[in-house]
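Observations on the model geometry
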Amino acid sequence: LKTLSSPYWKYVEAGAKAAGKDLGVDVKVVGPSAESEVIQQVNMLEDQISQSPGAIVVAPSQPETVVPVLETASQSDLPVLLIDSDAEFAGKTSFIGTENHTAGIEGGKLLASMLQKGDKVVLISGALGNPATDARIKGAKEALEEAGLEVVAEQPGDSDKTKAMSVMENILQKNGDVKGVFAANDDMALGVLRAVEAKGADIKVIGTDGTEEAVESILDGKLAGTIAQSPYNMGYQGVENALKAINGEKVKERIDSGIDIITNENAEEKLEFLKSISK
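The following refers to the structure shown.

Rules used throughout
- Residues numbered from 1 in each chain as written.
- Predicted model: local features only at pLDDT ≥ 70, side-chain atom pairs only at ≥ 80, totals over all residues.
- Heavy atoms only, no water.
- Helix = DSSP H or I, 4+ residues; strand = E, 2+ residues; numbered from the N terminus.
- Buried < 20%, exposed > 50% of the residue type's maximum accessible area, 1.4 Å probe, protein only.
- 1 Å grid on protein atoms, 1.4 Å probe; cavity = no way out; pocket = protein on both sides within 12 Å on 5 of 7 lines; lining within 4 Å.
- Points joined across faces, edges and corners; volume = space filled by probe spheres on them.
- Nonpolar A, V, L, I, M, F, W, Y, C, P; charged D, E, K, R; others polar.
- Pairing = 2+ DSSP bridges.
- Axes fitted to C-alpha atoms, helices over the stretch in contact; angles between N-to-C directions.
- Arc of directions from axis to C-beta.
- Contact = heavy atoms within 4.5 Å.
- Core = buried A, V, L, I, M, F, W, Y, C linked by side-chain atoms within 4.5 Å.
- Parallel < 35°, antiparallel > 145°, perpendicular 65-115°, else oblique.
- Left-handed = near helix turned anticlockwise from the far one by under 90°.
- Right-handed = clockwise from strand over helix to strand, strands pointing away.

Attention shifts here to unusual backbone geometry. With phi around 65 degrees, Asp 77 is a residue other than glycine that occupies positive phi space. Relative to the helices and strands, Asp 77 is located in the loop between helix H3 (63-75) and strand E2 (80-83). The class for Asp 77 is exposed, based on a relative accessible area of 70%. One non-glycine residue with positive phi stands out, namely Asp 209, at about 130 degrees. Assignment of secondary structure puts Asp 209 in strand E7 (residues 204-209).

This is the structure we're talking about:
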């Protein structure tokens, strides 16, 4: 994995281990101390490949750096499956992950369902050039415009709470009549929420990722919703399809691990699930 030090990757690990238990497979999960430790991940990969596993499932931190190792592995007929982040190389068995564009469309639709035609909305993107958050914003924008809402601002919040709060404060100075915001991750949504609450405004805020903090905020009546990726499913389906590949069964080249739309109607159930798999 990219790391084992964050809740998101703990959910992936929980899914992989659950699949191992259900399918009677020995699953070993390793990951560097932080997502930025790219070379540590490459070294770990080389070490695992040298132990001749039946298959390798990888979430590459920096695809271009990891690809040479993966190409070498796939040349020796070792099934190599990617989860969460894709990379192009010959011999790849499958990619399993969330379609970020679809997640954005669902976020836009959810926000639009809470507003009136003609209402003004804002988009808060991640760091410029981040393919995942860019795709989410593109999808949300399409859905919002199709529903007849007016996008009055689109600004990067760099996937950071404090930056998103400050960006939203500036937007509200110029556009006091904004009715809704879609943020490309939950941290930014929670930052936006702080700015909205400080202003005392009634603005619906939708995030993306389905983190525990975001789900708790929904239960508290603050965030309006979040579009969750399914890290648990990614881990589970990674192991499930690796076993299929080992047994010579056909594996789809792309597998959508799905998304969850979380609002106050199902937040309680989602929070219980997140807590149960992060123990």
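Let's shift gears to the layout of surface pockets. Considering only enclosed or pocket space, the largest pocket measures out at about 1200 Å³ in volume. Lining of the largest pocket is provided by 44 residues; of these, Tyr 8, Asp 84, Arg 136, Asp 209 and Gln 229 occupy positions nearest its centre. For the lining of the largest pocket, the element with the most residues is helix H5 (residues 131-146), which contributes five residues. In terms of residue class, the lining of the largest pocket is made up of 16 nonpolar, 15 polar and 13 charged. Taken as a whole, the second largest pocket spans an internal volume of roughly 670 Å³. Within the residue set of the lining of the second largest pocket, elements represented by two or more residues are helix H1 (7-23), helix H2 (38-50), strand E1 (56-58) and helix H9 (231-246). Take the lining of the second largest pocket: its biggest share by element is five residues, from H9. By residue class, the composition of the lining of the second largest pocket is 20 nonpolar, seven polar and three charged.

Pairing is mixed in the open sheet, where six strands are placed in the order E5-E4-E6-E7-E8-E10. One side of each edge strand has no neighbouring strand; the edge strands of this open sheet are strand E5 (150-156) and strand E10 (259-262). Within the sheet, the average angular offset between the axes of one strand and its neighbour, ignoring direction, is 15 degrees. With four bridges joining them, strand E8 (residues 225-229) and E10 adopt antiparallel strand pairing. Across the sheet, residue Ala 228 finds its bridge partner in E10, namely Asp 260.

Turning next to helix H8 (residues 212-219). Among all positions of H8, only Ala 214, Val 215, Ser 217 and Ile 218 are buried. Down the axis, H8 shows its buried residues gathered within 155 degrees of arc, on one side only. Summarising the contacts, the buried residues of H8 are in contact with helix H7 (186-199), E8, E10 and helix H10 (267-277).

Grouped together as the largest cluster of nonpolar side chains are 48 residues, with contacts concentrated most on Val 122, Ile 124, Met 168, Val 181, Val 192, Val 205 and Leu 223. At seven residues, H7 tops the list of elements feeding residues into this core. Apart from the residues within four sequence positions on either side, Val 205 is in contact with Val 181, Ala 189, Val 192, Leu 193, Val 196, Leu 223, Ala 224 and Gly 225. Core analysis: the next-biggest nonpolar cluster, separate from the first, contains 20 residues, Val 29, Ala 242, Val 251 and Ile 255 among them.

The next point concerns the packing of helix H6 (residues 161-174) against H7. One way to put it is that H6 packs onto H7 with a least axis distance of 7 Å and a crossing angle of 40 degrees. Taken as axis vectors, H6 and H7 run oblique relative to one another. Seen from above, H6 lies across H7 with right-handed handedness. Contact residues: H6 offers Lys 161, Ala 164, Met 165, Met 168, Glu 169 and Leu 172, while H7 offers Asp 187, Met 188, Leu 190, Gly 191, Val 192, Arg 194, Ala 195, Val 196 and Lys 199. A per-class count over the contact of H6 with H7 returns nine nonpolar, one polar and five charged.

On to the pairing of strand E6 (residues 178-183), then. Among the six residues that make up E6, five are buried, leaving the element largely enclosed by the rest of the structure. Two elements, strand E4 (residues 120-125) and E6, share five bridges in a ladder whose sense is parallel. Bridge pairing links Val 122 to Val 181 in E6. When E6 meets E7, the two strands line up parallel, connected through three bridges. Looking at E7, one finds that Phe 182 is bridged to Ile 206. Remark: the E6/H7/E7 crossover connection has right-handed handedness.

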